[in-house]
Amino acid sequence: MLDKIGVKKLDDLYSDVPAEFLHKGAYALPPAMSEQEIRDCFASLEAMNAKLKVFVGAGAYDHYTPSVIPYLCARSEFLTAYTPYQCEISQGTLRYIFEYQSLICSLTGLDVSNASLYDGPTAAAEAMKMAIACTRKKTRVLLSKGLLPHVIEVVETYARFHGVEIGYVRVADGQTSLEGLKAELAKDDVAGVIVPSINRYGIVEDHSGFADAIHAEKGLLIEYCDPSALAVVKTPAEWDADIAIGDGQPLGLPLCYGGPYVGFMAVKKDHMRKMPGRIVGQTVDKEGRRVFVLTLQAREQHIKREKATSNICSNESLMALWVTIYLSLMGPEGLREVNRLSSDGAHYLYKELLKTGRFEEVFPGKPFLKEFVLKPKQNGLQERLEKAGFFAALPTEEGYVSFCVTEKRTKAEIDALVKAVKEG
């Protein structure tokens, strides 16, 4: 093999790697183990993980996962499937992607959805690029300061390497400022504005007047959403948004040390041709039977290479299937129940924490669903709660702490958290 590729020794394959990054000496590999020894070894590693009750959100939520979902997704025809370039022989994969798209459109109220992106932050970055492509002569995209910090950071990174200028809209009294937005729009260079449906403080934002102001300046309104919450809050379509984006993780994907997640995007029909990622369409074959196809493929990397609409070269179809099964099982009533239980628990915790006298309200009277922030009167709260078995009180850059309650958290667990706060 070395002769075939024209090198003399294995070390030559690493000639372009700086010497300080190359490992010196022997690898610290354990001796061979039996199957039982390997099981015991991994069990001991797993036991090192702290088992905490999750009372934090910040874009990743500990929602219930129906047990049937991992069993169905583990079937070999799903687990081993890859991007369906040969559409005619991938009907099963194409069908569930089509159903996923249809469900995302139902949640957002918009016309067209793509076949999934990597995660919410990169979906936001793709929406930023899409806004520039749709408006052409506009050069700047505005980000609400109410967006999650990691979403802002990813968009900034993409913008830096795509030559897009980023501006910011301030937050006033816990919500994206309409007056601040209008001041930025007056500069006449804004291609799009990304605002959160529910912001980093957990507040459900009121976007009255946003679409009118942005559309008057020929820009696009982009909403970053928690898809689970769209069952009970105003949809992007109801706010007249042009693009809806977010992370599908709250739709039954369990927390697992950072992933995998699944970004979603839905758009008005007018912007469909500028949307990145796969789009599965429905048609009929020559015998009139319902079939599915990849459509608008001329935008894609496997045809146009570097001239493609986006550099996305795959879709997270297994995670899209997971979301599809979750939404099919829950239905509209199930999603509303998830939000009711989460909201009831969050508001109960909010009141009980204030009763301890250890916190101050930050945004009194502002509507929240399952997540909120308070200002602590003590330091080191997160560390003390962690020792008590809770992942809670996530610090923010303003000196607040964030809490989140989902339907998985019981009243007994909430009371135990409040007790730990009092004891601290």
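Residues numbered from 1 in each chain as written. Predicted model: local features only at pLDDT ≥ 70, side-chain atom pairs only at ≥ 80, totals over all residues. Heavy atoms only, no water.

**Student:** Looking at this model, I keep getting lost on empty space enclosed by the protein. Mind explaining?
**Tutor:** Here the idea is plain: a probe the size of a water molecule rolls over the atoms and shows the empty space left. Throughout the structure, instances matching the rule amount to 1 cavity of 30 Å³ or more. Roughly 210 Å³ of internal volume is contained in the largest cavity. Lining the largest cavity are 18 residues, and of these Tyr61, Leu148, Ile198, Cys225 and Asp226 lie nearest its centre. Within the lining of the largest cavity, the residues separate by chemical class into 10 nonpolar, 3 polar and 5 charged. (1 Å grid on protein atoms, 1.4 Å probe; cavity = no way out; pocket = protein on both sides within 12 Å on 5 of 7 lines; lining within 4 Å. Points joined across faces, edges and corners; volume = space filled by probe spheres on them. Nonpolar A, V, L, I, M, F, W, Y, C, P; charged D, E, K, R; others polar.)

**Student:** Honestly, the packing of helix H11 (residues 317-355) against helix H13 (residues 411-423) in this entry has me stumped. Any pointers?
**Tutor:** Each pair of packed helices can be summarised by the angle the axes make with each other and by the distance between the axes. Running from N to C, H11 and H13 cross one another at 25°; their axes reach a closest spacing of 10 Å. One element, H11, and the other, H13, form an angle in the roughly parallel class. Remark: the crossing between H11 and H13 carries right-handed chirality. Together, Gly345, Tyr348, Leu349, Glu352 and Leu353 of H11 and Lys411, Ile414, Asp415, Leu417, Val418 and Val421 of H13 make up the contact between the two elements. Among the residues making up the contact of H11 with H13, the classes are represented as 7 nonpolar, 1 polar and 3 charged. (Axes fitted to C-alpha atoms, helices over the stretch in contact; angles between N-to-C directions. Helix = DSSP H or I, 4+ residues; strand = E, 2+ residues; numbered from the N terminus. Parallel < 35°, antiparallel > 145°, perpendicular 65-115°, else oblique. Left-handed = near helix turned anticlockwise from the far one by under 90°. Contact = heavy atoms within 4.5 Å.)

**Student:** How should I be thinking about H13 in this particular structure?
**Tutor:** Because the α-helix completes a turn every 3.6 residues, residues three or four places apart line up on one side. Spanning 13 residues, H13 covers 18 Å between terminal C-alpha atoms, matching the ideal 18 Å at 1.5 Å per step. For H13, the set of buried residues is Glu413, Ile414, Leu417, Val418, Ala420 and Val421. Across the axial projection of H13, the buried residues extend over an arc of 155°, all falling on one side. Across H13 from its buried face, at more than 90 degrees, point the exposed residues Lys411, Ala412, Lys419 and Glu423. On the buried face of H13, the contacting elements are strand S1 (53-54), H11, strand S13 (359-361), helix H12 (381-387), strand S15 (390-391) and strand S17 (401-404). (Expected span 1.5 Å × (residues − 1). Buried < 20%, exposed > 50% of the residue type's maximum accessible area, 1.4 Å probe, protein only. Arc of directions from axis to C-beta.)

**Student:** Explain the side chain of Lys138 here, please?
**Tutor:** You can see Lys138 is positioned in the loop between helix H6 (120-135) and strand S3 (140-144). Looking at Lys138, the relative accessible area reads 12%, which means it is buried. A distance of 3.0 Å separates the side chain of Lys138 from the side chain of Asp188, its partner in a polar contact. Only 3.0 Å separates the side chain of Lys138 from the backbone oxygen of Glu217, close enough to count as a polar contact. Beyond its immediate chain neighbours, meaning those up to four positions away, Lys138 contacts Ile132, Asp188, Asp189, Val190, Ala191, Glu217 and Lys218. (Polar contact = N/O pair within 3.5 Å; in protein donor to acceptor, adjacent residues only side chain to side chain.)

**Student:** Help me understand the sheet that holds strand S7 (residues 190-196) in this model?
**Tutor:** Two orientations exist for strands paired in a sheet by backbone hydrogen bonds: parallel and antiparallel. Here we have 7 strands laid out as an open sheet, ordered S2-S10-S9-S8-S7-S3-S4, and mixed in their pairing. The two strands at the open ends of the sheet, each matched to only one other strand, are strand S2 (112-113) and strand S4 (165-169). Two elements, S3 and S7, share 4 bridges in a ladder whose sense is parallel. Following the sheet pairing, Leu143 is matched in S7 by Ile194. Seen against the sheet, H6 touches S3, S4, S7, strand S8 (220-225), strand S9 (243-247) and strand S10 (263-267) and runs at an angle of roughly 160° to S9. Packed onto the sheet, helix H7 (residues 149-162) meets S3, S4 and S8 and runs at close to 155° relative to S4. (Pairing = 2+ DSSP bridges.)

**Student:** Help me understand the layout of surface pockets in this model?
**Tutor:** What the largest pocket holds in volume is close to 630 Å³. Around the largest pocket sit 22 residues that line it, and Val54, Leu255, Cys256, Tyr257 and Phe391 are the ones nearest its centre. Counted by class, the lining of the largest pocket contains 13 nonpolar, 5 polar and 4 charged residues.

**Student:** Please clarify how the packing of aromatic side chains should be interpreted in this entry.
**Tutor:** Two measures describe an aromatic ring pair: the distance that separates the ring centres and the angle between the ring planes. If you walk through the whole model with that rule in mind, you get 11 aromatic pairs. Taking 5.1 Å as the distance between ring centres and 50° as the angle between the ring planes, the aromatic pair formed by Tyr201 and Phe363 counts as tilted. Of this pair, Tyr201 sits in the loop between S7 and helix H9 (210-216) while Phe363 sits in the loop between S13 and strand S14 (371-376), placing them 162 residues apart in sequence. Among the residues examined, Phe363 registers a relative accessible area of 15% and is labelled buried. Taken together, a centroid distance of 5.1 Å and an interplanar angle of 45° make the contact between Tyr350 and Phe368 tilted. Here the residue Tyr350 occupies a position in helix H11, and Phe368 occupies one in the loop between S13 and S14, the gap between them amounting to 18 residues. (Phe/Tyr/Trp six-rings, centres within 6.5 Å; stacked < 30°, edge-to-face > 60°.)

**Student:** What is the right way to read the pattern of salt bridges from this model?
**Tutor:** Note on pairing: side chains with opposite charge can pair once their charged atoms come close. The full count for this structure, using the stated rule, is 27 salt bridges. A salt bridge links Arg39 to Glu35, with the nearest nitrogen and oxygen atoms 3.1 Å apart. Placement of the pair is Arg39 and Glu35 together in helix H2 (residues 35-46), with a separation of 4 residues, close to one helical turn. Accessibility expressed as a relative area gives 53% for Arg39, which makes it exposed. Taking relative accessible area as the criterion, Glu35 reaches 55% and is therefore assigned exposed. Several salt bridges converge on common partners, so that one network encompasses Lys53, Asp62, Lys408, Arg409 and Glu413. (Salt bridge = Lys/Arg side-chain N within 4 Å of Asp/Glu carboxyl O.)

**Student:** When you look at unusual backbone geometry in this model, what are you seeing that I'm missing?
**Tutor:** Most peptide bonds adopt trans geometry, and most residues besides glycine take a negative phi value. The amide bond that connects Gly259 to the next residue, Pro260, takes the cis arrangement and shows omega of 0°. Structurally, the position occupied by Pro260 is in the loop between S9 and S10. With phi around 60°, Asp240 is a residue other than glycine that occupies positive phi space. Among the structural elements, Asp240 can be located in the loop between S8 and S9.

**Student:** I keep staring at the side chain of Glu223 and nothing clicks. Help me out?
**Tutor:** Within the secondary structure layout, Glu223 lies in strand S8. Despite its burial, Glu223 pairs with no opposite charge; the closest candidate is Lys234, at 9.4 Å N-O. Look past the residues within four positions of Glu223 in its chain and what remains in contact with it is Val195, Ser197, His207, Pro236, Trp239, Ala241, Ile243, Ala244 and Ile245. (Lys, Arg positive; Asp, Glu negative; His and termini not counted.)

**Student:** Which parts of the structure should I look at to understand a nonpolar patch on the surface?
**Tutor:** A cluster of nonpolar side chains, namely Ile5, Leu10, Leu13, Tyr14, Val17, Phe21 and Leu22, defines an oily patch on the protein surface of about 700 Å² accessible area. Structurally, Leu22 is set in the loop between helix H1 (2-5) and H2. What makes Leu22 partly exposed here is its relative accessible area of 33%. (Patch = residues over 30% accessible without salt bridge, like charges linked within 9 Å, V, L, I, M, F, W, Y side chains within 5 Å. Areas by Shrake-Rupley, 256 points an atom, 1.4 Å probe, with all protein chains shown as cover.)

Remember, this is a structural readout, not a statement about activity or role.
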